[in-house]
Amino acid sequence: MAGSFKGQGLAKELLESCIADVKAKHKAGVCVLSSKKKKPYLSDAKFFKRFGFEVADTAPNDFELLALSFDGSMPRFVSTAKAFEIGEKDLTIYYGMQCPFLINSVEQVRSYCETNAIPLRLVAIDSLEKAKALPFVPANYAVFQNGKFVTHQLLNENLFKKKLGL
């Protein structure tokens, strides 16, 4: 939690509710995407580890899959998610509609690219099959330049220019 909500115990309450719900439904456990280093838009691993979550798998760029297992099983990233490379050389943005700020971010980048004649490929992640086949871990948003992963952070025009060296 951040801003005025920080320190009120809301994250703890939400996680405890999630864990109780999963247990009541007799599921295998709970998992969450985090990272070794603090990253924008990802939960802090230290918070989850205080609740018994363990690192179940890792991926390039310091991404970690944390899990709280109730039956001893541990989730894993699919092998394709660890590639962090694509065949396309054009600037490519993969995006899912999980965040209300995403549409504005994609539109700002699209507009900048159009104005500056930068080839842009936008790939909507709009099905479970597409999400499972992604060449990267953060399944909501990812930017690739020259086939290489750049960021999972939503970009406005200024951050876009900074991250891509434009």
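Located above this text is the structure these notes cover.
So, here is what we can say about the structure in this document. Here the structure is a predicted model, which is why all the values come from computation and not from measurement. (Residues numbered from 1 in each chain as written. Predicted model: local features only at pLDDT ≥ 70, side-chain atom pairs only at ≥ 80, totals over all residues. Heavy atoms only, no water.)

Observations regarding the packing of helix α3 (residues 102-115) against helix α5 (residues 157-164)
The angle between the axes and the distance between the axes are what describe a pair of packed helices.
(1) Moving on: Contact geometry for α3 and α5: axes closest at 9 Å, N-to-C directions at 65 degrees. The orientation of α3 relative to α5 falls into the category roughly perpendicular. Handedness of the crossing formed by α3 with α5: right-handed. When α3 is examined against α5, the residues Gln108, Val109, Tyr112 and Cys113 are found in contact with a partner set consisting of Glu157, Phe160 and Lys161.
(2) Moving on: Here the contact of α3 with α5 is composed, by residue class, of 4 nonpolar, 1 polar and 2 charged. (Axes fitted to C-alpha atoms, helices over the stretch in contact; angles between N-to-C directions. Helix = DSSP H or I, 4+ residues; strand = E, 2+ residues; numbered from the N terminus. Parallel < 35°, antiparallel > 145°, perpendicular 65-115°, else oblique. Left-handed = near helix turned anticlockwise from the far one by under 90°. Contact = heavy atoms within 4.5 Å. Nonpolar A, V, L, I, M, F, W, Y, C, P; charged D, E, K, R; others polar.)

Regarding the nonpolar core
(1) Moving on: Core analysis: the biggest nonpolar cluster contains 17 residues, and Phe63, Phe84, Tyr94, Phe136, Val137 and Phe144 have the highest contact counts within it.
(2) Moving on: The set of elements that each furnish at least two residues to this core consists of β3 (63-69) and β6 (141-145).
(3) Moving on: Sequence-distant contacts of Val137, that is, excluding residues within four places in its chain, are made with Leu33, Ala59, Phe63, Phe77, Ala81 and Phe84.
(4) Moving on: In terms of nonpolar packing, the next biggest core, distinct from the first, is built from 15 residues, Leu91, Val106, Tyr112 and Leu164 among them. (Core = buried A, V, L, I, M, F, W, Y, C linked by side-chain atoms within 4.5 Å. Buried < 20%, exposed > 50% of the residue type's maximum accessible area, 1.4 Å probe, protein only.)

Focus: unusual backbone geometry
Most peptide bonds adopt trans geometry, and most residues besides glycine take a negative phi value.
(1) Moving on: Positioned with a positive phi, His26 is a non-glycine residue whose angle comes to about 55 degrees.
(2) Moving on: With respect to the element layout, His26 can be found in the loop between α1 (10-24) and β1 (29-35).
(3) Moving on: Owing to a relative accessible area of 73%, His26 belongs among the exposed residues under this scheme.
(4) Moving on: One non-glycine residue with positive phi stands out, namely Phe84, at about 55 degrees.
(5) Moving on: Summarising the element assignment, Phe84 is placed in the loop between β3 and β4 (91-95).

So, the sheet that holds β1
(1) Moving on: The strand order across the open sheet formed by 3 strands is β1-β3-β2, and the pairing between neighbours is antiparallel. Edge positions in the sheet fall to β1 and β2 (54-59), since each of these pairs with one other strand and no more. Recorded for the sheet is a direction-independent mean angle of 25 degrees between the axes of neighbouring strands.
(2) Moving on: Note that β1 and β3 share 7 bridges and pair antiparallel. Across the sheet, residue Gly29 finds its bridge partner in β3, namely Ser69. (Pairing = 2+ DSSP bridges.)

Shape descriptors only; they carry no functional weight alone.
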